[in-house]
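Examination of the molecular architecture
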Amino acid sequence: MNTKKKSAAAVAKQPARPEDQRLPLASTFAYGFQHVLTMYGGIIAPPLIIGAAAGMSSQDIGLLIAACLFVGGLATILQTIGIPFFGSQLPLVQGVSFAGVSTMVAIVHGGGGIQAVFGSVIAASLIGLLITPLFSKIIRFFPPVVTGTVITTIGLTLMPVAANWAMGGNSKSPDYGSVANISLAAVTMAIVLLLSKVGNAAISRLSILLAMVLGTAIAFVFGMADFSKVAQGEIVAFPTPFAFGPPTFEVAAIVSMLIVILVTLTETSADIIAVGDIVGSKVDAKRIGNGLRADMLSSAVSPLFNSFTQSAFAQNVGLVAITGVKSRFVVSAGGLILVVLGLLPVLGRVVASVPTPVLGGAGVVLFGTVAASGIRTLAKVEYRNNMNLIVVAASLGFGMIPIAAPTFYDKFPTWFSTIFHSGISSAAVMAILLNLLFNHVKAGNSDNQSVFVAGTERVIRAEDLKCLAEGDRYENGKLIDCEGKEVPVEPARIAADEH
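Below is a summary of the structure that appears in this document. Only a predicted model underlies this, so the values are computations on that prediction, with no experimental measurement involved. (Residues numbered from 1 in each chain as written. Predicted model: local features only at pLDDT ≥ 70, side-chain atom pairs only at ≥ 80, totals over all residues. Heavy atoms only, no water.)

Some points on helix 13 (residues 328–342)
- The end-to-end C-alpha separation of helix 13 is 21 Å, in line with the 21 Å expected for 15 residues at 1.5 Å each.
- In terms of burial, helix 13 is largely enclosed, as 13 of its 15 residues are buried. (Helix = DSSP H or I, 4+ residues; strand = E, 2+ residues; numbered from the N terminus. Expected span 1.5 Å × (residues − 1). Buried < 20%, exposed > 50% of the residue type's maximum accessible area, 1.4 Å probe, protein only.)

Structure, rendered in structure tokens:
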């Protein structure tokens, strides 16, 4: 009888939703810290790239990194804990997304500076917040053939950044492109790969971060690391609002960033659905809407504290699946840890002092992973009896133009070059338009595929397959049956009645 009562009490303590489970405090923060370590390399990379593009000092880049950690933590808490109309209440970690990095770099190089980046993020995020209720109706225009192409382009467009870092980062430096710099990058990359092969799952997942630590230690031994500026500045500080000046609002930059926001909304929707499936919780349109609104609100507020667009981190969705820890309060604890780290700008200065070639070596793998994620998405696309291959081919090619020829759009109007100088914007515009043209506008479509598509697949007629028996195989130009005997093949002939 007592056993039955205990069982009933245990059932009563079980939360209605798996993600509402509460773990002991020590376990909650331990698992939360694991989430922080998993995404730490990803969240510090964007401010490093954007800060370097803007020509910032290591101290200023340190401020950017601290700001991104701080805002990412607040955004994570909002997404997991939630308030009315904001937050999916699912174990989703938020942070600065790679999706907007190349676009922001293009805005910086276009003359707008970091202020124009902040202004475009604010305006585009507010537009994103307004269109969230309508997004469920237009999300069908962002299928995997579009999102996969864009994500692949994101990774590919960041490769020049990794190469520049590997060479030293500063083209005017006398050791730029030196054997020493590239060797340090190569050693760091080798460490990433070796740690990824280690049987220990925790070490494998932290391979990027650990490789950066080990690469920096090697650089220090050879006199290639300088930490003299780490002590210059405050150890603990609250992020100063608009520390780099008030935001400026340029139409072209806003349009370009709006494309990024649409991609971000698509990615976050996919992550919400994915994590809901992993934890075994119901995800409806209302919950997706709440999650997207939290995403956009966080993104709109982040420039106030010198940060950028916020989105869910896909690698942490994978961590939920691997560990089986479904509690959203674990991720909330991770968000709190990020906030604390963001209040320690000294940590940002430490990261900013990591030798650039070390970042380059890690960046090759990190950015390559982004591209590989896009390729994985493209692998799910159906290419038979449609024009999806042309959509992908033309969009990727168009997106690579500003990477292969950075001056390609220099003679165009400023508003045009700002939008299309970004590979991600170019690829996204092309992918969206071609997807609409070939997959939604049916007028003019032909049952006969394009010659480009038809030539990409081997096709065997059904009649030919009927002639084969079980166990038949083709070896060295001969058809062999299950007993190892050659099956005679009738030579191709030209039928007389065809002439």
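Overview of the environment of Ser373
- Note on placement: Ser373 falls in helix 15 (residues 356–378).
- According to the relative accessible area criterion, Ser373 is partly exposed, its value standing at 24%.
- With 218 residues separating them along the chain, Ser373 and Gly155 place their C-alpha atoms 8.7 Å apart.

Overview of the packing of aromatic side chains
- Enumeration according to the criterion identifies nine aromatic pairs in this entry.
- Geometrically, the ring pair formed by Phe118 and Phe308 is stacked, given 5.5 Å between the ring centres and 20 degrees between the ring planes. Taken as a pair, Phe118 in helix 4 (residues 101–138) and Phe308 in the loop between helix 11 (285–301) and strand 2 (310–312) lie far apart in primary sequence, 190 residues in all.
- With relative accessibility at 1%, the residue Phe118 sits in the buried group.
- Plain terms: the ring middles of Phe220 and Phe227 are 6.5 Å apart, the flat faces sit at 50 degrees to each other, and that makes the pair tilted. (Phe/Tyr/Trp six-rings, centres within 6.5 Å; stacked < 30°, edge-to-face > 60°.)

Notes on the packing of helix 7 (residues 179–197) against helix 15
- Two numbers describe how helix 7 lies on helix 15: the axes approach to 7 Å, and their chain directions differ by 45 degrees. In terms of orientation, helix 7 lies oblique with respect to helix 15. As helix 7 runs across helix 15, the sense of the crossing is right-handed. Facing Asn181, Leu184, Ala185, Thr188, Met189, Val192 and Leu193 of helix 7, the residues of helix 15 in contact are Pro357, Val358, Gly361, Ala362, Val364 and Val365. (Axes fitted to C-alpha atoms, helices over the stretch in contact; angles between N-to-C directions. Parallel < 35°, antiparallel > 145°, perpendicular 65-115°, else oblique. Left-handed = near helix turned anticlockwise from the far one by under 90°. Contact = heavy atoms within 4.5 Å.)

Focus: the pattern of salt bridges
- This model, assessed by the stated rule, comprises four salt bridges.
- For the salt bridge of Arg17 with Glu19, the shortest nitrogen-to-oxygen distance reads 3.5 Å.
- For Arg17, a relative accessible area of 24% gives the class partly exposed.
- The salt bridge partner of Arg17 is Asp20, with a shortest N-O separation of 2.8 Å.
- The buried category is assigned to Asp20, whose relative accessible area is 19%.
- A single network of salt bridges, built from pairs that share partners, joins Arg17, Glu19, Asp20, Arg287 and Arg328. (Salt bridge = Lys/Arg side-chain N within 4 Å of Asp/Glu carboxyl O.)

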